[in-house]
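Listed below, chain by chain, are the residues.
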Amino acid sequence: MSLLTLSDIRVRYGSVEVLHGINLRVEEGEIVTILGANGAGKTTTLTTISGLRKPSGGSILFQGRPLHTIPSHEIVRLGITQSPEGRRVFGTLSVRENLDLGAFTSKDRGRSAKIRKWIFDLFPRLAEREGQLAGTLSGGEQQMLAIARALMADPKVLLLDEPSLGLAPLLVRSIFDSVRKINRQGVTVILVEQNARAALKLAARGYVLEVGKVVMEDRAENLLADASVREAYLGG
Ligand code: ATP
């Protein structure tokens, strides 16, 4: 059994269906990337896994349990958290307060302190700025904080939506390095990225979405070598 399985997931915004039967699986410990043009349905797929959207059809199973029928805070408690596109940190709260909010599901203070220490090792910049208001951080630092906040809930699966968006190349590399380190600690990752080449180099497997459907799925090295993927997503 896979860790996470989406079967024939359909999602509507009002009367318009935007996901037309997505099938996707994630194995424990993997990094899986989802590629696709703007509007293909990548963000919607992530928000449906995290429960912020409910599907109009199909099922999502996590460790054999249905996710599509339970509220998002319970999904966090089961071990799935999302770092949203556009960072969305709380600008008028400090770095530390943002992190504490990420741990809202945790009753184990010792465990939260351990995770915070790990996060500060992973992102030393956040440790240096622990008391600073999140709104005064640079874009890259806010991205680190958004990922860190999602990690505070001690997830088994981390959903990352465009972590490199709008960042300078050096920071992009640093964020991707951090994702690798997070994964090596045993966190399974689903990564949505415009930076398809870097995402495929990091991931074990990938899915290509086109207008709400999976049109291709394969090992990442095969997608990197595929002529149609190269042309559409890797700049030829
Ligand atoms: P992007 O990279 O631009 O975020 P995406 O692949 O993540 O693209 P989604 O954001 O999931 O795509 O959007 C899928 C489809 O759903 C698009 O046609 C989009 O216009 C539509 N859509 C997304 N959010 C809403 C919404 N809140 N209300 C109505 N339609 C929406």
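Residues numbered from 1 in each chain as written. Predicted model: local features only at pLDDT ≥ 70, side-chain atom pairs only at ≥ 80, totals over all residues. Heavy atoms only, no water.

Novice: Before we move on, could you go through the pattern of salt bridges and cite the residues and values that matter?
Specialist: By the definition in use, this model includes 13 salt bridges. For the salt bridge of R10 with E17, the shortest nitrogen-to-oxygen distance reads 2.9 Å. The partly exposed category is assigned to R10, whose relative accessible area is 30%. With a closest N to O distance of 3.6 Å, R180 and D177 form a salt bridge. Of the two residues, R180 and D177 are both situated in helix 7 (residues 169-184); the distance of 3 residues between them amounts to about one turn of the helix. Classification of D177 as partly exposed rests on a relative accessible area of 35%. Residues joined by salt bridges that share partners form a network here, namely R96, D100, R116 and E130. (Salt bridge = Lys/Arg side-chain N within 4 Å of Asp/Glu carboxyl O. Buried < 20%, exposed > 50% of the residue type's maximum accessible area, 1.4 Å probe, protein only. Helix = DSSP H or I, 4+ residues; strand = E, 2+ residues; numbered from the N terminus.)

Novice: Any chance you could break down the sheet that holds strand 5 (residues 65-66) for me, citing the residues and the numbers?
Specialist: Spatially, 2-1-4-5 is the arrangement adopted by the 4 strands of the open sheet, whose pairing is antiparallel. At either end of the open sheet lies a strand with only one pairing partner, and these are strand 2 (16-26) and strand 5. Bridge count for strand 1 (residues 4-13) against strand 2 is 8 bridges, and the pairing is antiparallel. The partner of T5 across the bridge, within strand 2, is R25. Across the face of the sheet, helix 1 (residues 42-49) comes into contact with strand 1, strand 2 and strand 4 (57-62) while running at roughly 115 degrees to strand 1. (Pairing = 2+ DSSP bridges. Contact = heavy atoms within 4.5 Å. Axes fitted to C-alpha atoms, helices over the stretch in contact; angles between N-to-C directions.)

Novice: Before we move on, can you summarise the site of the ligand with the specific residues and values?
Specialist: Neighbouring the ligand are 13 residues, the closest being G39, G41, K42, T43 and T44. N38 is positioned such that a nitrogen or oxygen atom in its side chain is 3.4 Å from an oxygen atom of the ligand. T44 has a polar side-chain atom sitting 2.5 Å from an oxygen atom of the ligand. When isolated, the ligand has an accessible area of 620 Å², and the protein chains bury 58% of it. Counting residues per element, the shell around the ligand draws most heavily on helix 1, which supplies 3 residues. Of the residues that constitute the shell around the ligand, the class distribution is 4 nonpolar, 6 polar and 3 charged. (Near = heavy atom within 4 Å. Polar contact = N/O pair within 3.5 Å; in protein donor to acceptor, adjacent residues only side chain to side chain. Areas by Shrake-Rupley, 256 points an atom, 1.4 Å probe, with all protein chains shown as cover. Nonpolar A, V, L, I, M, F, W, Y, C, P; charged D, E, K, R; others polar.)

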